[in-house]
Amino acid sequence: MEKGGPGAPASGGAQVRLASARGRWILVTTVLGSTMALLDSTVVNVALPRIGQDLDADLAVLQWTVNAYALTLAGLILVGGALGDRYGRRRVFVLGVVWFAAASLLCGLAPNEGVLIAARALQGVGGALLTPGSLALIQGSLHEEDRARAVGLWSGLGGVGAAVGPFVGGWLVDGPGWRWVFLLNVPVAAVCVPIALRHVPESRDPQARGRFDVAGAALGAASLGLVTYALIEARTATWWVVGAAVAGVLLGVAFVALERRRAEPMIPPAIFHSRQFTAVNLVTLCVYAAFGGFFFLSVVQLQVVTGYSALQAGAALLPTTALMLLFSARAGELGERIGPRVPLTVGPLLCAAGMLLMIRAGPGASYVQDVLPALVVLGLGMTTLVAPLTSTVLASVDPGRAGLASGINNAAARAAGLLAVAALPLLAGMGPDAYLSADQFDEAFAVAMWWCAGLLVLGAALAWATIRTPAPDALHPQCHTQCPVGSPPLEPGEPEHRPGP
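Calculation notes
- Residues numbered from 1 in each chain as written.
- Predicted model: local features only at pLDDT ≥ 70, side-chain atom pairs only at ≥ 80, totals over all residues.
- Heavy atoms only, no water.
- Helix = DSSP H or I, 4+ residues; strand = E, 2+ residues; numbered from the N terminus.
- Buried < 20%, exposed > 50% of the residue type's maximum accessible area, 1.4 Å probe, protein only.
- Polar contact = N/O pair within 3.5 Å; in protein donor to acceptor, adjacent residues only side chain to side chain.
- Phe/Tyr/Trp six-rings, centres within 6.5 Å; stacked < 30°, edge-to-face > 60°.
- Lys NZ or Arg CZ within 6 Å of the ring centre and 35° of its normal.
- 1 Å grid on protein atoms, 1.4 Å probe; cavity = no way out; pocket = protein on both sides within 12 Å on 5 of 7 lines; lining within 4 Å.
- Points joined across faces, edges and corners; volume = space filled by probe spheres on them.
- Nonpolar A, V, L, I, M, F, W, Y, C, P; charged D, E, K, R; others polar.
- Salt bridge = Lys/Arg side-chain N within 4 Å of Asp/Glu carboxyl O.

**Student:** Could you clarify how one ought to interpret the environment of Gln303 in this entry?
**Tutor:** In this structure, Gln303 sits in helix H10 (residues 275-304). According to the relative accessible area criterion, Gln303 is buried, its value standing at 14%. Residues Gln303 and Val46 lie 257 residues apart in sequence; the distance between their C-alpha atoms is 8.7 Å. Engagement of the side chain of Gln303 in a polar contact is seen with the backbone oxygen of Val46, the distance being 3.1 Å. A distance of 3.2 Å separates a polar side-chain atom of Gln303 from the backbone oxygen of Val299.

Shown next, in the form of structure tokens:
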């Protein structure tokens, strides 16, 4: 019999089975919400050349169209996870979906680039509320034996949404126009919210208490924003740019110092006592920086250099959709059986090979000979690593801190993509009007792919050197960190174990 009806705190003791009707509705709800956020990031990339032409914008405006969303998402996603843990994950998730839809409507109606960028920043706020909640609802509501498969299905179906995004975006851009790329989120939200309210049980962290770390959130977001501004505007080399870079670094140092001193920090330092959690977040930084750069540049490459329409460029990426749809759930189960070390090493290497193969997608490239092999290899790599990466993050902490762990990992992924989109055009030598010239963009794209491949190889090396599969008895549900192997079970009232050497 199922336990954990609406309003029941399902954290840590959830008994809803994935095969039950309620379990399936939980999965549908979380996939719809997270896919809405993922779709938006990939759909917008396909629309960038048309947005630039319609608004008469340079490359920096296109970067900010992507990064305004990523900035507020990365800066506030930890707050979103904490709000869900305290006030109810379903409640905050639904609020995020509604906020995201309203901001999407504003994006679709934006009369100029300034309003569009501001609305994208508001979208990021909604994404920060709904994104950590989607995974936390799975971890806090479903039976422990079903979580690995559910995360695999969530990763696969969410990845499908992200991969279908370019196809849908291309169809919309070539058809009714780029504004419908944003308006698409409104009907998705209209379906997601009633399902969540009717079928998803509420869950929260009973240990969540105290004040929110508003100062920490502000420092973190300000640091990311200033560094991003400095990277995007670095080619001008003005004193404003230099000052922004220095201030961003100093605020980052202040953020770390503040989190170490506060009694109730946004990022509790104790969570990083788990070496597994720390290691997998380092891998996340490398992998998602490469993904962010690739998906920002590749659809522009296919349109500007290879000569595809927006629809053709989006459809070209569909092989990754098929691979993730077919194999992500199995990849999650495989990672559960053999441990995450091998998938998190092999996956990034396959992705690196795929990105280097994509360099062949130049003027007059054949889809079958030049583009398809790159995307198949990339899709195999993403399928191999995404589900085990997510499962490892959640398994490395106590289920009661699922929202916090999900938030930290999502923040790492979003920040990595944010910085990659800001830095790669600079590192590759792209000028303000590079996306208007096929020759200039093609040359810079090849350089950028080598940078992305290097990041993925670094991620694979880190995974092989640092990721381990902890023994089942090495973890205690009461602890928020990984206990030393062989530690005795905790007695009632006993403080949590400290990490071993």
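The discussion continues.
**Student:** In this structure, what is going on with the side chain of Ser104? I would like to understand it.
**Tutor:** Note that Ser104 resides in helix H3 (residues 89-109). For Ser104, a relative accessible area of 0% corresponds to the buried category. Here Phe100 takes part through its backbone oxygen, which lies 2.8 Å from a polar atom of the side chain of Ser104.

**Student:** Got a minute to help me understand the packing of aromatic side chains in this structure?
**Tutor:** Here the distance between the centres and the angle between the planes together describe a pair of aromatic rings. In the structure shown here, the tally under the stated rule is four aromatic pairs. Ring plane angle 85° and centroid distance 6.3 Å describe the contact between Trp178 and Phe182, whose orientation is recorded as edge-to-face. The class of Trp178 is buried, set by a relative accessible area of 5%. Measuring from ring centre to ring centre gives 5.4 Å for Tyr288 and Phe291, while their planes differ by 80°; the resulting arrangement is edge-to-face. A residue pair is termed a helical-turn pair when its members lie 3 or 4 positions apart in one helix, as Tyr288 and Phe291 do in helix H10 at three residues. Sitting over the face of the ring of Trp464, Arg341 holds its NZ or CZ atom 3.7 Å from the ring centroid.

**Student:** Looking at this model, I keep getting lost on the layout of surface pockets. Mind explaining?
**Tutor:** The gaps left among the atoms become clear once a water-sized probe is rolled over them. Taken as a whole, the second largest pocket holds about 780 Å³ of empty space. Along the walls of the second largest pocket sit 26 residues, with Leu78, Phe255, Val256, Ile267 and Phe272 positioned nearest its centre. Those elements giving two or more residues to the lining of the second largest pocket turn out to be helix H2 (59-87), helix H8 (214-232), helix H9 (239-261), H10 and helix H15 (402-427). Here the residues of the lining of the second largest pocket are counted per class, giving 18 nonpolar, six polar and two charged.

**Student:** Looking at this structure, how should I read unusual backbone geometry?
**Tutor:** Positive phi outside glycine occurs at Asp56, with the angle close to 55°. Inspection of the secondary structure puts Asp56 in the loop between helix H1 (21-55) and H2. Assessed through its relative accessible area of 70%, Asp56 is described here as exposed.

**Student:** It is not clear to me how empty space enclosed by the protein should be interpreted in this structure. Could you clarify?
**Tutor:** With the rule as written, the count across this model stands at two cavities of 30 Å³ or more. The computed volume of the second largest cavity comes to approximately 50 Å³. Residue lining of the second largest cavity: Leu48, Leu59, Leu62, Phe296, Leu297, Val300, Met430, Tyr435 and Phe441, and that is the complete set. Going through the elements one at a time, H2 and H10 are the ones with two or more residues in the lining of the second largest cavity. If you tally residues by element for the lining of the second largest cavity, the top one is H10, at three residues.

**Student:** Even after reading the chapter, I still don't get the environment of Leu106, so can you show me in this structure?
**Tutor:** Along the polypeptide, Leu106 turns up in helix H3. When its relative accessible area of 38% is taken as the criterion, Leu106 is described as partly exposed. The spacing of Leu106 and Gln123 is 17 residues in sequence and 9.2 Å in space, taken between C-alpha atoms.

**Student:** Help me understand the pattern of salt bridges, please; the structure alone is not making it clear to me.
**Tutor:** This model, assessed by the stated rule, comprises two salt bridges. Close ionic contact of Asp174 with Arg50 constitutes a salt bridge, the shortest N to O distance being 3.2 Å. Within this pair, whereas Asp174 is found in helix H5 (residues 147-174), its partner Arg50 is found in helix H1, the two being separated by 124 residues in sequence. Of the residues examined, Arg50 reaches a relative accessible area of 32% and is grouped as partly exposed. As a salt-bridge pair, Asp370 and Arg360 come within 3.2 Å of each other at their nearest N and O atoms. Of this pair, Asp370 sits in helix H14 (residues 367-395) while Arg360 sits in the loop between helix H13 (341-357) and H14, and the two are 10 residues apart along the sequence. A residue is classified by how much of its surface remains accessible, and Arg360, at 43% relative accessible area, is partly exposed.

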